[in-house]
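Remarks on the overall topology
Residue-level listing of the chains:
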Amino acid sequence: MVRQPHVLVLPWPAQGHVMPLMQVSQQIVDNGVKVTFAITESIHSQVLANLSSSSKEGVRNDLNRIRLVSRPEGLEYQNQERASDYFEELVRKINDEIDGDNGEEKVSCVIADATVYWAYEPAKKLGLKIAMFCPTSLAVTAMTLHIPKLIEMGIIDENGTPLKHEMIKISPALPEISIHDFLWLRTYDQGMGKLLFHVSFSINKSIKTADWVLCNSFDKLEPAAYDMLPYIQTIGPLVASSEVNQTMGQFWAEDSTCLTWLDSQPVNSVIYIAFGSITTLKRDQFSELVHGLDLTGRQYLLVIRSDMTNASITYPGGFTEKGRIVNWAPQREVLAHPSVACFMTHCGWNSTMDGLRFGIPLLCWPYFADQIHNSTYVSDEWKTGLRLNKDGNGIVSRNEIKSKVEELIADEGIKTRVAEMKKLSMESASKGGSSSKNFYNFVEALKC
Ligand SMILES: O=c1ccn([C@@H]2O[C@H](COP(=O)(O)OP(=O)(O)O[C@H]3O[C@H](CO)[C@@H](O)[C@H](O)[C@H]3O)[C@@H](O)[C@H]2O)c(=O)[nH]1
């Protein structure tokens, strides 16, 4: 009988965290390890509803391979004792339901998002192996791991409040950053900032209990940050099973009709606009966006989630006939499509990696947290895109959108660098590449 080691996967309850850990899980089960994936109750129902209506057979089949279970909401707001009790109860329940006759083993390892800080202590107590998964870039991870030093140096206080107003470098080889751009200070409300600091600070403790630290990046993408954190195993860009389009874990139903529409568009012509799962836009900003797209005169594919704006939208005359508006797109298939010319993005880390992997020039419109840093890397370090600047009223104007779209599409240097990045990212994820080897070694270690 073939042994089947068993891993419990715990993502933070948000799309940009569930998706990459689902991709990790898919690759793990491909290699003969059992996965139980525990998500919060509301997300569990959302993901299941989408799966049952998905037209993608491969995705539906993954439900037979990856066991989805639900966990209570809000454990990150509970005290550690309550969260630890819950964690132990969850592991016991999963183990009780195991059918040992087919070789399946009890949970021996937990892969926890770095932000799921409450799981680390009880996992250690139960004697489980721990793999920490960092969903952000290596550079942002390095900044997070620098927090104790920043406090010691009197740059921030113990609540993350800046005590100085200056630019700093956390390593000579990394770009300078303004203290006010620390990810917990670039949020849209104070409560969110507090939580982000608490979570970021906690990573410094959790990492000490981890047997592996995995990151969705690759060595050649961020060599300076990689040199700072040599113990981190880069496993990016993450791919779901062997197919671009086989991703389980979507919170919204993908509207695949936009792919047929893309088929009918000229090569390299369409602007794809998507701002991930959290960004919201106020009425004035939304109006500038659609007018800016209209001014370009180009075809567009625009993702507007149902919760993205509460403004009643008035489109310029003839606008809606020039492109497609969808609630949620099959993003990777869109970016792999030859008709797409550029990607206007909020620079969430997964979208940034999607853009690099498919070799698409990016127009950066960061919204909050790590997106500010990711945008700096795209426009200033890798030079694979351009930043959209805000005017004096904090708005990205229609003229800024029009001129940056034209500048980006005409920039041959960006095209060359984007193609180079695509090549490097595919090399690292292909058999024998650095990320692929790291992943393989990790999975083999799970089997020991
Ligand atoms: O129409 C869409 C839009 C997005 N996506 C996918 O949804 C994910 C979105 O992730 P990301 O780009 O990282 O954005 P957020 O959902 O905003 O992610 C949160 O989590 C990330 C990881 O921590 C952070 O980098 C972000 O700042 C944070 O907002 C990606 O896998 C996309 O491929 C789709 O499939 N269809």
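Residues numbered from 1 in each chain as written. Predicted model: local features only at pLDDT ≥ 70, side-chain atom pairs only at ≥ 80, totals over all residues. Heavy atoms only, no water.

As a reminder of what qualifies: UniProt positions are given in the numbering used here, feature names are shortened, and annotations may be inferred rather than shown by experiment.
Under the annotation held in an unreviewed UniProt entry, the protein carries the name Glycosyltransferase and is attributed to Papaver nudicaule. According to UniProt, the comment filed for the protein under the heading Sequence similarities (unreviewed entry) is "Belongs to the UDP-glycosyltransferase family."

1. What to know about the side chain of Thr115
Which entries qualify depends on this criterion: The numbering of helices and of strands both runs from the N terminus, where a helix is a DSSP run of H or I of at least 4 residues and a strand a run of E of at least 2. For each residue, the accessible area found with a 1.4 Å probe, counting protein chains only, is set against the maximum for its type, and the residue is called buried under 20%, exposed over 50%, and partly exposed in between. Any two residues whose heavy atoms approach within 4.5 Å at even a single point are treated as in contact.
Turning to its location among the elements, Thr115 is positioned in the loop between strand S4 (104-113) and helix H5 (120-125). The buried category is assigned to Thr115, whose relative accessible area is 12%. With sequence-adjacent residues up to four places away left out, Thr115 is seen in contact with Trp12, His17 and Val199.

2. What to know about the site of the ligand
This is how it is decided: One heavy atom within 4 Å of a molecule or strand is enough for the residue carrying it to be called near that molecule or strand. Counted as a polar contact is a pair of N or O atoms within 3.5 Å, where, for protein atoms, one must be capable of donating a hydrogen and the other of accepting one, and residues adjacent in sequence contribute only when both atoms are in side chains. Throughout, the Shrake-Rupley method with a 1.4 Å probe supplies accessible areas, and for residues the shown protein chains are the sole cover considered. The residue classification treats Ala, Val, Leu, Ile, Met, Phe, Trp, Tyr, Cys and Pro as nonpolar and Asp, Glu, Lys and Arg as charged. All others, Gly included, are polar.
Every one of the 23 residues lining the ligand counts as a neighbour, but Ser277, Ala329, Ser351, Asp354 and Asp370 are closest to it. One of the side-chain N or O atoms of His17 is found 3.1 Å from an oxygen atom in the ligand. Residue His346 places a side-chain N or O atom 2.9 Å away from an oxygen atom belonging to the ligand. Protein chains shield 97% of the accessible area of the ligand, which is 700 Å² for the free molecule. Residues that form the shell around the ligand fall into these classes: 9 nonpolar, 12 polar and 2 charged.

3. Here we look at the nonpolar core
Our working rule: In this text, buried Ala, Val, Leu, Ile, Met, Phe, Trp, Tyr and Cys residues form a nonpolar core when linked through side-chain atoms within 4.5 Å.
With 91 residues, the main nonpolar core has Leu8, Leu10, Phe87 and Tyr272 as its most contacted residues. Ranked by residue count, the leading element in this core is helix H4 (residues 80-96), at 6 residues. Not counting residues up to four positions away in its chain, the partners in contact with Phe87 are Leu8, Leu10, Val110, Trp118, Ala119, Pro122, Ala123, Leu126 and Leu128. Counting 33 residues, the second-largest nonpolar core is a separate cluster that includes Leu21, Val29, Val35 and Phe442.

4. Overview of the pattern of salt bridges
Rules: Note on definitions: salt bridges are taken to be side-chain nitrogens of Lys or Arg within 4 Å of carboxyl oxygens of Asp or Glu.
Using the criterion set out here, one finds 16 salt bridges in the structure. Note that Arg67 is salt-bridged to Glu97, the shortest N-O span being 2.3 Å. Here Glu97 lies in the loop between H4 and S4 and Arg67 lies in strand S3 (residues 66-71), a separation of 30 residues in the sequence. Judged by its relative accessible area of 48%, Glu97 is partly exposed.

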